[in-house]
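In case you want the letters, here they are:
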Amino acid sequence: MSIFLCGACGTSFGDAEEAPETCPICTDERQYVPPSGQAWTTTEKLARTHRNAWVQLEQDLMAIQTVPAFAINQRALLLRTQAGNILWDCIALLDEATREIIQALGGLSAIAISHPHYYTTMQDWAAAFDAPIYLHAADKEWICRPSDYVRLWDEDALVLSSSVTLVHGGGHFAGGTVLHWTGEDAKGVLLAGDIVQVTPGTDHVSFMWSYPNMLPLSAAEVADVAERLAPWPFERIYGAFSHQNVRQDGQAIVARSARRYIDRLSK
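Now for a quick tour of the structure. Please read all numbers here as calculations on a predicted model, not as lab measurements.

Read from one edge to the other, the open sheet built from three strands follows the order β2-β1-β3, with strand pairing classed as antiparallel. Two strands lie at the open edges of the sheet, namely β2 (12–16) and β3 (40–42), each paired on one side alone. Taking each pair of neighbouring strands and ignoring which way they run, the sheet shows an average axis angle of 35 degrees. Relative to β2, strand β1 (residues 2–6) runs antiparallel, the two sharing three bridges. Paired with Phe4 across the bridge in β2 is Phe13.

Laid out in structure tokens, this is it:
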């Protein structure tokens, strides 16, 4: 019996003797099946060929990313707080070095994920660190592998501690979520996943229904995301990928980008 991983998105399916015929995450129009077809690996095989690299983003915030790149190639973020460590988003590989590092840092008190493309092996991370997984209930249909650690929530915001709140942003997925952290300087930090996508110049963000297939959200949907994020002050933004770091003016950038997006759709 093996835990099978989709080679295109990293979603896990298990325990089974054979890989699934299809990955429902990839057959959805927000993702894709590669031209070569659906391909699979296992958690054991991935651990033999890949490792996780760590980067310090700022005090109490670290990025974890698998090398060489696997599937979507997103990063997970480890946020350290006085109330416990939180894993934001998830990656498929949980290698022994990562287990030991996280345990040495105090383990995990919670796992929270922005949207289904990054569910990956969340079940294994939760079991390894005995940590609940917080997912927005609007996306529960995309949970491909059940876990007793999953905690569904359906409010506009969910307070995890005095410094950390999950905010329902919608947009890319119905349950699209961002994490708001007050930050060490109290200026505010947004862990955004793909709910807002930091652009290459890091001075704008974008909002899409499907990023790989370049399908936009409507003006009304973008306005809704912007409205949901507006009450939460933040200076910095960390997106799903290694180059997506906004160091200043994050809240103004999101508001300005939403207006620009809506203006373009109105022409």
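Glancing now at the pattern of salt bridges. Counting across every chain of the model gives seven salt bridges. Linking Arg99 and Glu96 is a salt bridge whose minimum nitrogen-to-oxygen distance equals 3.4 Å. Taken as a pair, Arg99 and Glu96 lie in helix α3 (residues 96–104) at a separation of three residues, close to a single helical turn. For Arg99, a relative accessible area of 30% puts it in the partly exposed group.

Following both chains from N to C, one finds α3 and helix α4 (residues 122–129) inclined at 45 degrees, their axes separated by 11 Å at the closest point. Between α3 and α4, the crossing angle belongs to the class labelled oblique. Where α3 crosses over α4, the two elements pack in a sense that is right-handed. Taken together, the residues of α4 that come into contact with α3 (itself represented by Thr98, Arg99, Ile102 and Gln103) are Trp125, Ala128 and Phe129.

Moving on to the nonpolar core. Leu87, Leu108, Ile111, Ile113, Trp125 and Ile133 are the most contacted members of the largest nonpolar core, which totals 34 residues. Taken together, the elements giving at least two residues each to this core come down to α1 (24–27), β5 (61–67), β6 (76–81), α4 and β9 (133–136). If we skip the residues at most four places from it in the chain, Ile133 touches Ile111, Ile113, Met122, Gln123, Ala126, Ser147, Tyr149, Val150 and Arg151. In this structure, Tyr211, Val222, Phe234 and Tyr261 belong to the second largest nonpolar core, which totals 23 residues.

Before going further, it helps to spend a moment on the packing of aromatic side chains. In total, this model carries three aromatic pairs according to the counting rule given. Seen in terms of ring centroids, Trp142 and Phe173 are 6.0 Å apart; in terms of plane orientation they differ by 90 degrees. Their pairing is edge-to-face. Taken together, the residues Trp142 in the loop between β9 and β10 (150–153) and Phe173 in the loop between β12 (164–168) and β13 (177–181) connect sequence positions 31 residues apart. No difference in accessibility class separates Trp142 from Phe173, as the two residues are buried. Taking 6.0 Å as the distance between ring centres and 85 degrees as the angle between the ring planes, the aromatic pair formed by Phe207 and Tyr261 counts as edge-to-face. In this pair, Phe207 sits in the loop between β16 (205–206) and β17 (208–210) while Tyr261 sits in helix α6 (residues 250–266), placing the two residues 54 residues apart along the sequence. Given the relative accessible area of 13%, Tyr261 is considered buried. Here the basic side chain of Arg30 rests over the ring of Phe173, its NZ or CZ set 3.8 Å away from the ring centre.

Within the structure shown, the criterion is met by two cavities of 30 Å³ or more. Taken as a whole, the largest cavity encloses approximately 80 Å³ of empty space. A class-by-class count of the residues in the lining of the largest cavity yields seven nonpolar, five polar and no charged. There is about 30 Å³ of room inside the second largest cavity. Lining the second largest cavity we find Thr11, Ser12, Tyr119, Thr120, Met122, Gln123, Trp142, Ile143, Cys144 and Arg145. Looking at the lining of the second largest cavity residue by residue, the classes come out as five nonpolar, four polar and one charged.

A separate point is the sheet that holds strand β14 (residues 189–193). Spatial ordering of the open sheet is given by β11-β12-β13-β14-β19-β20, a layout of six strands whose pairing is mixed. In this open sheet, the two strands that pair with only one neighbour each are β11 (157–159) and β20 (245–246).

Each neighbour pair has its own omega, and for Val67 with Pro68 the value is -10 degrees, a cis peptide bond. The residue Pro68 is located in the loop between β5 and β6 in this model. For Ala186, which is not glycine, the phi torsion reads 65 degrees and is therefore positive. A positive phi angle, near 60 degrees, is found at Asp249, a position not held by glycine. You can see Asp249 is positioned in the loop between β20 and α6. Using a relative accessible area of 44% as the deciding quantity, one classes Asp249 as partly exposed.

Cut-off values and rules
Residues numbered from 1 in each chain as written. Predicted model: local features only at pLDDT ≥ 70, side-chain atom pairs only at ≥ 80, totals over all residues. Heavy atoms only, no water. Pairing = 2+ DSSP bridges. Helix = DSSP H or I, 4+ residues; strand = E, 2+ residues; numbered from the N terminus. Axes fitted to C-alpha atoms, helices over the stretch in contact; angles between N-to-C directions. Salt bridge = Lys/Arg side-chain N within 4 Å of Asp/Glu carboxyl O. Buried < 20%, exposed > 50% of the residue type's maximum accessible area, 1.4 Å probe, protein only. Parallel < 35°, antiparallel > 145°, perpendicular 65-115°, else oblique. Left-handed = near helix turned anticlockwise from the far one by under 90°. Contact = heavy atoms within 4.5 Å. Core = buried A, V, L, I, M, F, W, Y, C linked by side-chain atoms within 4.5 Å. Phe/Tyr/Trp six-rings, centres within 6.5 Å; stacked < 30°, edge-to-face > 60°. Lys NZ or Arg CZ within 6 Å of the ring centre and 35° of its normal. 1 Å grid on protein atoms, 1.4 Å probe; cavity = no way out; pocket = protein on both sides within 12 Å on 5 of 7 lines; lining within 4 Å. Points joined across faces, edges and corners; volume = space filled by probe spheres on them. Nonpolar A, V, L, I, M, F, W, Y, C, P; charged D, E, K, R; others polar.

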